[in-house]
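Examination of the molecular architecture
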Amino acid sequence: MPPRLGTPSGAFVLARHSCQRNSATRKYSATQPPPPHPVPVANRRAVDLGLIGAGGLALSALVYWASSRNGKSDKMGSEDDRPAFTIPYESQGGASTTKTLTLLSQHETNQRLTEHQQSFSVGRRSNPVIRYDTNFLNSNSPIEDDSCVVVLERDPQSKVAGDLMFWGIFDGHSGWQTSRLLSSSLVSYVARELDLVYRAAQPYSSHPLVPSNTSSASFWSLFSSSSAKSPELDLVDPIVQAAIKNGFDKMDEEIVQTPVRLLEKLQKEGKISKPSREGSMSVEQMEALTALLPALSGSCALLAFLDAARNKLHVACTGDSRAVMGIWEPGPKGKGGKWKAEALSEDQTGREPKEVARMKAEHPPNEADTVITRGRVLGNLEPTRAFGDARYKWPIGMQERLAEAFHPGQVRGRPRNYLTPPYVKSTPEVKTIDLTKGTSSSRKSLASFLPVASSADPASPATRFIVLATDGLYDRLENEEVVALVGAHLSGLRGPQSRQSVLSHVSPSTPDQSGSTHTHAPRQEPTRGEGDVYVFEDGNLGTHLIRNALGGAKREQVSALLSIPSPLSRRYRDDITVTVILLGEGQGTEGGTGGVYRREDIPLKAKL
């Protein structure tokens, strides 16, 4: 049974917490401090930043070479007998050169794609979640992405019963330390704030939207008796959203301010001595460095929170990872139908007009031309919101003080035009979806599982699905493509497929009142070609999306992209982390009362 949230003391534990690098169970109390900062890797592999945004022509040539191969057996011999290809790259000295690589076999390619996939079935009463699939594929070494899944349960004394499920996707940059810390601690910060909401405690009991007289709550005031019922604040979406935002901001404040507090403490105690260039440091300074690294690196965060008791889904986005929902829309008279793509997040980067306008409004007019330059914060950082990235948040001079004390010669200098910090914040945009709206009352069963056989009507219980992914996936796929690939998979499509046949499973986006379609274009132009470009052969939906993002039915292209080692691979693909959540109706008492069970994914065979 998952742990409980909402007890009078506010204490709870995280009973199931799976993340990419460490799937071991973590247990700790909400009233205790979060786990310590992770110990840094002693010798991290240097990343050639010059390779990150470059390459395109070389990949096109590589794909042309791969597609011209005919009759090659998947069972290749020794490495010397395998096909080789050459890619250009820029050496650390800046000179252009080439590197010859060996193409992975199809067996090796499949191993790379599936080695981290996981799938879980959910059999919990009144919980609309049927199943969720996860997978990740690294380009950086070590991978800078991370993820987590946390399952909690409301206290039995609560007015309503139901699970609280959290899925987190964290896209790190300039290192893995921030994303690792978020995967272990962010849900704890958010859950502590939600616990205050459920107990109608401060600061949420004085929120302007607190109901004073509703059908579910009696009169609420400072002078009410102890026996009076407190209002159910979690019925008010803006209050829940405020709690999630506070959880995000409190964790980021801890990340950014911990090194500052340690510096002041050590200086007061007289324990600061200038480290040598060879790295000789005191124990206290090493501990401070452990806290400094998550502040110097950064991470975007995407957190989906499902409140099964209220049938509400809250999606919080900080940065440019994305969430998209697929919604089944039956056809006329219930015959046939298609999936509709609904964006649950918007990118927060220097290329988004709303973010540019916000940034300019938060800084003096004389910085209007410098706060966003070339689509980046101060010309450097792409996301305008992120955890860590303290070099865009600390007061002027603080970075130099910390570097001198703990990390001399190893910290990048202050950004140009750094005049009125902070320039980056962690506060997310939160979108709330009422899962009781727009669903068919005739489809309540959670008895069957996917996939189904017919593409005309997905007879499975999945009426919605949610895809959470880092930008590595959306660099190569549009929102509608993602929904079409998952929706067609659920509808039974198998084997190689053309773009037209797959996209026929999704309704075209329609402009809203502002004229926007909310369709995010891919950041890189994928190499699709003609004919069959997608393939449906993976049981795990995360693996299915990653494979098709890299080339799908163009098997040689997929193998070639996976054959390029880090850091050269950063020219062609980013780290990719994907979670796909399948939702049914979940009302009533249908479904089991058990837990979350690991599923064995069996590769799917194409229909003949």
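Residues numbered from 1 in each chain as written. Predicted model: local features only at pLDDT ≥ 70, side-chain atom pairs only at ≥ 80, totals over all residues. Heavy atoms only, no water.

**Digging into the overall build of the protein**
- Helix and strand counts for the protein stand at 12 helices and 22 strands.
- Relative to its full complement of 608 residues, the protein shows a buried share of 54%.
- Of the roughly 26,200 Å² of accessible surface on the protein, 51% is carried by carbon and sulfur atoms. (Helix = DSSP H or I, 4+ residues; strand = E, 2+ residues; numbered from the N terminus. Buried < 20%, exposed > 50% of the residue type's maximum accessible area, 1.4 Å probe, protein only. Areas by Shrake-Rupley, 256 points an atom, 1.4 Å probe, with all protein chains shown as cover.)

**Quick look at the side chain of Asp145**
- Note that Asp145 resides in strand S7 (residues 145-154).
- Within polar-contact distance, the side chain of Asp145 engages the side chain of Thr470 at 3.0 Å.
- One polar contact links Asp145 to Thr577, side chain to side chain, over a distance of 3.0 Å. (Polar contact = N/O pair within 3.5 Å; in protein donor to acceptor, adjacent residues only side chain to side chain.)

**Section: the pattern of salt bridges**
- In this structure the tally under the stated criterion is 32 salt bridges.
- When the shortest N-O distance is used, the salt bridge between Glu269 and Lys265 registers 3.2 Å. Note that Glu269 and Lys265 are positioned in helix H4 (residues 237-269) at a spacing of 4 residues, about one turn of the helix.
- Take Glu269: its relative accessible area is 39%, and that puts it in the partly exposed class.
- Its relative accessible area of 44% is what places Lys265 among the partly exposed residues.
- Taken together, the shared-partner salt bridges connect Glu355, Arg358, Glu362, Arg385, Lys425 and Glu429 into one network. (Salt bridge = Lys/Arg side-chain N within 4 Å of Asp/Glu carboxyl O.)

**Observations concerning the side chain of Thr470**
- Secondary-structure assignment places Thr470 in the loop between strand S17 (464-469) and helix H8 (471-474).
- For Thr470, the residues in contact, after removing those within four places along its chain, are Asp145, Ile169, Phe170, Asp171, Ser321, Asp575, Ile576 and Thr577. (Contact = heavy atoms within 4.5 Å.)

**Examining the nonpolar core**
- By size, the foremost hydrophobic cluster in this structure holds 53 residues, and its most contacted members are Phe166, Leu186, Phe248 and Trp394.
- Considering every element that reaches this core, the biggest residue donor is H4, with 12 residues.
- Once residues within four sequence positions are removed from consideration, Trp394 is found in contact with Val256, Pro259, Val260, Leu292, Ala295, Leu296, Gln399, Leu402, Tyr418 and Pro421.
- Ranked by size, the runner-up nonpolar core spans 48 residues in total, among them Ile87, Ala341, Leu473 and Leu545. (Core = buried A, V, L, I, M, F, W, Y, C linked by side-chain atoms within 4.5 Å.)

**Some details on unusual backbone geometry**
- Look at the link from Ser141 to Pro142: it is a cis peptide, with omega at 0 degrees.
- With respect to the element layout, Pro142 can be found in the loop between strand S6 (129-137) and S7.
- Put simply, Pro421 and Pro422 share a cis peptide bond, and its omega is 5 degrees.
- The residue Arg374 is not glycine, and still its phi comes out positive at about 55 degrees.
- Here Asp389, not a glycine, exhibits a phi torsion of approximately 50 degrees, which is positive.

**Here's the deal with the packing of aromatic side chains**
- If you walk through the whole model with that rule in mind, you get 7 aromatic pairs.
- Summarising the aromatic geometry, the rings of Tyr132 and Trp167 are spaced 5.9 Å apart at their centres and angled 80 degrees between planes, so their arrangement reads as edge-to-face. Remark: Trp167 occurs in strand S8 (residues 163-173) and Tyr132 occurs in strand S6; sequence separation between them is 35 residues. Both residues of the pair, Tyr132 and Trp167, belong to the buried class.
- Among the aromatic residues, those joined into a ring-pair cluster are Phe120, Tyr132 and Trp167.
- Lying across the ring of Tyr198, Arg154 places its NZ or CZ 4.4 Å from the centre.
- In this structure, Arg192 is placed above the aromatic ring of Tyr189, and the distance from its NZ or CZ to the ring centre is 4.9 Å. (Phe/Tyr/Trp six-rings, centres within 6.5 Å; stacked < 30°, edge-to-face > 60°. Lys NZ or Arg CZ within 6 Å of the ring centre and 35° of its normal.)

**Remarks on helix H11 (residues 541-550)**
- Most of H11 sits out of view: 10 of its 10 residues are buried.
- Backbone nitrogen of Gly542 and a side-chain oxygen of the N-cap are separated by 2.8 Å at the start of H11; the cap is Asn540.
- Looking one or two residues beyond H11, the residue adopting positive phi is Gly551, at roughly 150 degrees.

**With respect to the pairing of strand S10 (residues 312-318)**
- Of all 7 residues in S10, 7 are buried; the element is thus mostly enclosed.
- One ladder, built from 7 bridges, connects strand S9 (residues 298-307) with S10; its direction is antiparallel. Note that in S10 the partner of Phe305 across the bridge is His314.
- Counting the residues in the hairpin turn of S9 and S10 gives 4 residues, including Asn311, whose phi is positive at 55 degrees. (Pairing = 2+ DSSP bridges.)

**Some remarks on the confidence of the model for the protein**
- With 71% of its residues at a pLDDT of at least 70, the protein reaches an overall mean of 78.
- Throughout residues 6-17 the model reports pLDDT below 50, and contacts reaching past four residues in sequence, or to other chains, amount to 52 contacts.
- Within the model, the stretch residues 22-77 combines pLDDT values under 50 with 101 contacts to residues more than four positions away or in other chains. (pLDDT = per-residue confidence, 0-100.)

**Considering the environment of Ala84**
- The residue Ala84 is located in strand S3 (residues 84-90) in this model.
- C-alpha separation for the pair Ala84 and Ala560, spaced 476 residues apart in sequence, amounts to 9.6 Å.

**With respect to the packing of helix H5 (residues 283-296) against helix H7 (residues 398-406)**
- Two elements in contact, H5 and H7, have axes whose closest approach is 10 Å; the angle formed by their N-to-C orientations is 135 degrees. Judged by the angle between their axes, H5 and H7 are oblique. You can see that H5 and H7 cross each other, and the crossing is left-handed. Residue-level contacts link Gln285, Ala288, Leu289 and Leu292 of H5 to Leu402, Ala405 and Phe406 of H7.
- Residues of the contact of H5 with H7, tallied by class, amount to 6 nonpolar, 1 polar and no charged. (Axes fitted to C-alpha atoms, helices over the stretch in contact; angles between N-to-C directions. Parallel < 35°, antiparallel > 145°, perpendicular 65-115°, else oblique. Left-handed = near helix turned anticlockwise from the far one by under 90°. Nonpolar A, V, L, I, M, F, W, Y, C, P; charged D, E, K, R; others polar.)

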